Amino acid sequence: MKNSLKKAISVLLCLTMVLTVGIIGVSAEEADYSVKTDCNGECEFYPTIIVPGLGQSNTWLADDEGNLLTDDAGNYITSFPAYVQTGKLIKTLAIPALTSLFTQSDAGLSEAAKQAVWDIFGHQACDENGLPSDRIVTERYYQSTADTPDYGQEEVFGHVPFNLYETTQPLDHMYYFAYSSFGNHLELVDELYSFIQMVKAQTGHDKVNLVPLSQGGTLFSGLIEYYPEVVNDLHKIILVVPALDGSTIIGDIFNDRLSFTDPEYLYNGFLENLGLLDEFTARLIEIALRILPDEVIMSVVDAAVSTLVEDVMTTSTNMWVLCPSDDYPTAREKYLSTPERAELRRQTDIYYQAQLNSKANIQGLVENGVQVFCFVEYDTPLINVGTSWNTENGDFIIQTDSTSMGAYFANCGETLPEDYVQKNTHCDNPDHNHISPDRVVDASAGLLPDTTFYFDEQYHEQTAQNDIILKLALELIARDDVKDVYSSPDFPQFLAGRNIANIKTLIATAEAVDASKLSGADAAELAEALAGAKEVLTRTVSYAGELEEREARLNEILVKIGAVEATAEKDPAMLRKISLWLYDNYGTDGFSELPAGALSGLLKEIF
Ligand SMILES: [Zn+2]
Ligand SMILES: [Zn+2]
């Protein structure tokens with residue numbers, strides 16, 4: 001082939017790449033290392049890299065040739081956490097479900113459940129080297145948020161809405177390290193290290209800030225263990241609810257400590273306490289479960305769980321990093337003992353060491369002049385899928401021991417004993433009071449008592465809806481004024497958990513109301529409730545529940561004047577009565593297993 005033709009073809013290929021890859025960005029080898037900033041590294045700001053949490057990156061599903069799949073509306077199909085094809089699902093489940101119903105036995109239903117779970121989650125499984133499927137394509141941003149096209153900017157801010165708050169931090173000094181949550185851990189840490197070098201080159205600065213969120217904390221732990229020289233690249237670390245010692249939920253899942261595989265709990269208690277359903281729905285499902293014998297239901301549950309855990313979750317090293325160090329050795333014996341999984345085990349053992357060394361490594365950073373801050377959320381029990389859910393304080397997703405680097409907590413709903421004395425494990429300043437005002441937290445036992453902030457009653461997955469957390473993070477990113485929990489009256493050590501999504505909608509609704517059409521009393525109440533709702537948002541100092549009180553008052557008057565529809569929760573009393581009566585009298589038996597006359601007994605009981 002002539003050279004000119006070769007050139008033309010390669011140009012064409014490049015063009016096609018640019019056009020088809022488009023938003024997906026360029027691969028690591030093609031990351032641009034030339035300076036992009038006007039400051040050339042001479043400004044007061046540090047380039048800041050957000051390392052997001054579980055599922056906070058766009059990962060798309062491709063076919064075997066690497067072409068991104070699209071849905072009927074032409075949108076890319078996300079690979080996280082699941083890929084549900086309704087038609088396929090019905091095909092798999094319909095006949096076994098009907099047959100099992102008619103015969104009141106497991107007529108292939110648990111086998112079908114295995115297949116269904118595989119169809120939904122199987123693409124997340126990694127191979128025996130811990131490498132994810134080529135069918136999962138991560139949308140990466142090898143450029144600052146300023147240079148990321150509008151679409152990509154929207155995606156980044158959709159996950160971490162820094163754009164909603166004022167900051168002096170220039171956007172060309174903000175970066176987002178996107179990754180697949182089910183990816184290969186060691187590979188991702190290598191990529192993060194290269195990404196940091198790229199950001200230094202593109203901005204001209206010799207140090208960066210890192211903001212690891214949740215699962216991102218495990219990449220940070222790996223980074224400082226495998227690349228100790230990275231200490232010279234780091235100015236400030238802002239850990240936001242980092243999973244530094246994993247999540248007890250994964251520890252429970254990987255050690256057979258599931259709560260709902262116990263029928264006694266599944267049929268009474270699990271669904272009500274899940275935190276995701278109202279009681280009406282929960283009781284309805286409980287009763288519906290009895291459409292099949294309990295043995296059949298339980299074998300379907302076991303089949304689904306074992307497929308998800310054995311065949312999917314435990315093949316991903318980036319899931320293993322979420323297993324707490326105390327739970328790792330037993331889980332490893334259970335799932336990583338076969339020769340086929342020896343390579344996986346080699347890799348997860350490497351992270352296990354990083355996890356054990358995490359506190360010492362972070363201490364090392366601090367001693368070398370890196371500023372390390374941490375945000376912890378507490379007083380929300382873990383979701384109840386594992387049997388350990390109510391044994392320690394947490395933020396619904398991660399136990400506080402992991403996010404706080406060892407601070408001491410009373411359990412949710414409890415307080416430290418009257419005569420409790422601050423442990424001072426890591427603080428030797430006698431003037432410091434590290435006990436929370438609600439007497440739940442002793443921050444002095446955590447590794448960084450003077451630079452760790454605590455958010456009361458905050459749900460982990462609603463972190464992005466807490467304006468205080470975002471404002472404090474931006475303050476730390478853009479400036480060095482806040483050195484510790486004593487630097488600013490706006491940001492004391494103990495802060496409030498809250499979710500501003502709903503109150504902001506109500507404020508907008510209230511502001512659109514024509515008050516001249518209201519009675520004097522209603523207009524006055526509306527004005528006062530509106531002012532109160534807006535005022536609480538101007539403060540970073542608040543208590544857990546204060547925002548919700550203001551929100552409830554505003555909601556009440558808006559409902560009264562007809563600007564907002566009253567949310568009527570369905571009364572669960574009747575379904576609760578039925579479900580509990582069945583449970584108390586017949587345990588977990590299905591309807592077909594009940595003795596004759598049971599139904600009339602139930603009717604008598606209820607009416
Ligand atoms: Zn600069
Ligand atoms: Zn202190």
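The rules we used
Residues numbered from 1 in each chain as written. Chains lettered and ligands numbered in written order. Predicted model: local features only at pLDDT ≥ 70, side-chain atom pairs only at ≥ 80, totals over all residues. Heavy atoms only, no water. Donors = N, O, S within 2.8 Å, 3.2 Å for Na, K, Ca; no water. Helix = DSSP H or I, 4+ residues; strand = E, 2+ residues; numbered from the N terminus. Tetrahedral: all angles 85-135°; square planar, octahedral: opposite > 155°, others 65-115°. Buried < 20%, exposed > 50% of the residue type's maximum accessible area, 1.4 Å probe, protein only. Pairing = 2+ DSSP bridges. Axes fitted to C-alpha atoms, helices over the stretch in contact; angles between N-to-C directions. Contact = heavy atoms within 4.5 Å. Domains from an automatic or database assignment. Polar contact = N/O pair within 3.5 Å; in protein donor to acceptor, adjacent residues only side chain to side chain.

Novice: Run through the coordination of the zinc ion (ligand 1), naming residues and quoting values.
Specialist: Taken together, the protein donors to the zinc ion (ligand 1) comprise Cys39 (SG), Cys43 (SG), His173 (NE2) and His205 (NE2), at separations of 2.1 to 2.2 Å. For the zinc ion (ligand 1), all donor residues lie on one chain, and their spacing in sequence is C-x3-C-x129-H-x31-H. Pair noted here: Cys39 is in the loop between helix H1 (3-21) and strand S1 (48-51) and His205 is in the loop between helix H5 (185-203) and strand S5 (208-212), with a separation of 166 residues, a long-range link.

Novice: Let's hear about the coordination of the zinc ion (ligand 2): which residues, and what values?
Specialist: Within the protein, the atoms that donate to the zinc ion (ligand 2) are Cys427 (SG), His432 (ND1), His434 (NE2) and Asp450 (OD), at distances of 2.1 to 2.2 Å. Seen from the zinc ion (ligand 2), its four donor atoms lie at angles of 90 to 144°, and the figure they make is irregular. On the primary sequence, the residues serving as donors to the zinc ion (ligand 2) are separated as C-x4-H-x1-H-x15-D. One end of the pair, His432, is in the loop between strand S8 (408-409) and strand S9 (441-442); the other, Asp450, is in the loop between S9 and strand S10 (452-456), and 18 residues separate them in sequence. The buried category is assigned to His432, whose relative accessible area is 16%.

Novice: Tell me about the sheet that holds S1, and please be specific about residues and values.
Specialist: Read from one edge of the open sheet, seven strands run S4-S1-S5-S6-S7-S10-S11, paired in parallel fashion. The open sheet has two edge strands, strand S4 (174-176) and strand S11 (494-496), and neither has a second partner. Going across the sheet, the axis of each strand differs from the next one's by a mean of 20°, ignoring polarity. Pairing analysis gives three bridges linking S1 to S4, with the strands arranged parallel. Each residue of the ladder has a partner; that of Thr48, found in S4, is Met174. Strand contacts of H5: S1, S4 and S5, with the helix running at about 155° to S4, the strand carrying the most contacts.

Novice: Describe the domain arrangement of the protein chain, listing the residues and the values that go with them.
Specialist: Examined at the domain level, the protein chain breaks down into domain 1 (6-26 + 39-57 + 139-248 + 352-496), domain 2 (59-133 + 249-351) and domain 3 (501-560). Between domain 2 and domain 3, the C-alpha centre-to-centre distance is 43 Å.

Novice: Any chance you could break down the environment of Asn209 for me, citing the residues and the numbers?
Specialist: Position of Asn209 among the secondary structure elements: in strand S5. Taking the relative accessible area as the measure of exposure, Asn209 reaches 0% and is therefore buried. Sequence separation of Asn209 and Ile224 is 15 residues, and the distance between their C-alpha atoms is 14 Å. Not counting chain neighbours up to four residues away, the residues in contact with Asn209 comprise Tyr46, Pro47, Thr48, Ile49, His235, Lys236 and Ile477. A distance of 3.2 Å separates a polar atom in the side chain of Asn209 from a polar atom in the side chain of Thr48. A polar atom in the side chain of Asn209 sits 3.3 Å from the backbone nitrogen of Lys236.

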